[in-house]
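# Commentary on secondary and tertiary structure
Listed here are the chains, written in short residue letters.
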Amino acid sequence: MIKDKKEKENHSKTSADKQQKERKNIKCRVCFIVDGYTASEKKCKHCGSQLFEIDRY
């Protein structure tokens, strides 16, 4: 019974973390690298150019 309660607590924490850190794969127009970005990230991690929502996968 205690084990079930811990599993439920862990499950709720992981689903909350996923909602906060939801990433979308976006292909950079300059360096052509596809990487995961959160909604707040607006620049490429690799070359620093601007990312566009239309380029997501």
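These remarks concern the structure in this document. (Residues numbered from 1 in each chain as written. Predicted model: local features only at pLDDT ≥ 70, side-chain atom pairs only at ≥ 80, totals over all residues. Heavy atoms only, no water.)

## Structural notes on the nonpolar core
- Listed in full, the 5 residues of the largest apolar core are Ile26, Cys28, Tyr37, Cys44 and Leu51.
- In this view, Ile26 contacts Ile33, Val34, Asp35, Tyr37, Leu51, Phe52, Asp55 and Arg56; residues no more than four positions away in its chain are not counted. (Core = buried A, V, L, I, M, F, W, Y, C linked by side-chain atoms within 4.5 Å. Buried < 20%, exposed > 50% of the residue type's maximum accessible area, 1.4 Å probe, protein only. Contact = heavy atoms within 4.5 Å.)

## Digging into the environment of Glu22
- Structurally, Glu22 can be placed in the loop between helix 1 (2-20) and strand 1 (24-27).
- Separated by 15 residues in sequence, Glu22 and Tyr37 have C-alpha atoms that sit 8.2 Å apart.
- In this view, Glu22 contacts Tyr37 and Thr38; residues no more than four positions away in its chain are not counted. (Helix = DSSP H or I, 4+ residues; strand = E, 2+ residues; numbered from the N terminus.)

## Considering unusual backbone geometry
- Here the phi dihedral of Phe32 falls at roughly 60 degrees; this positive angle occurs in a residue that is not glycine.
- Within the secondary structure layout, Phe32 lies in the loop between strand 1 and strand 2 (34-37).

## Remarks on the pattern of salt bridges
- This structure, assessed with the given rule, holds 5 salt bridges.
- In this structure, the salt-bridge partner of Glu41 is Arg23, at a minimum N-O distance of 3.5 Å. Of this pair, Glu41 sits in the segment after strand 2 while Arg23 is found in the loop between helix 1 and strand 1, placing the two residues 18 residues apart along the sequence.
- Taking the relative accessible area as the measure of exposure, Glu41 reaches 27% and is therefore partly exposed.
- Note that Asp55 and Arg29 form a salt bridge whose closest N and O atoms lie 2.6 Å from each other. Of the two residues, Asp55 is situated in the segment after strand 2 and Arg29 in the loop between strand 1 and strand 2; the sequence distance between them amounts to 26 residues.
- The partly exposed category is assigned to Arg29, whose relative accessible area is 45%.
- Look at the salt bridges and you will find they share partners, linking Lys24, Glu53 and Arg56 into a network. (Salt bridge = Lys/Arg side-chain N within 4 Å of Asp/Glu carboxyl O.)

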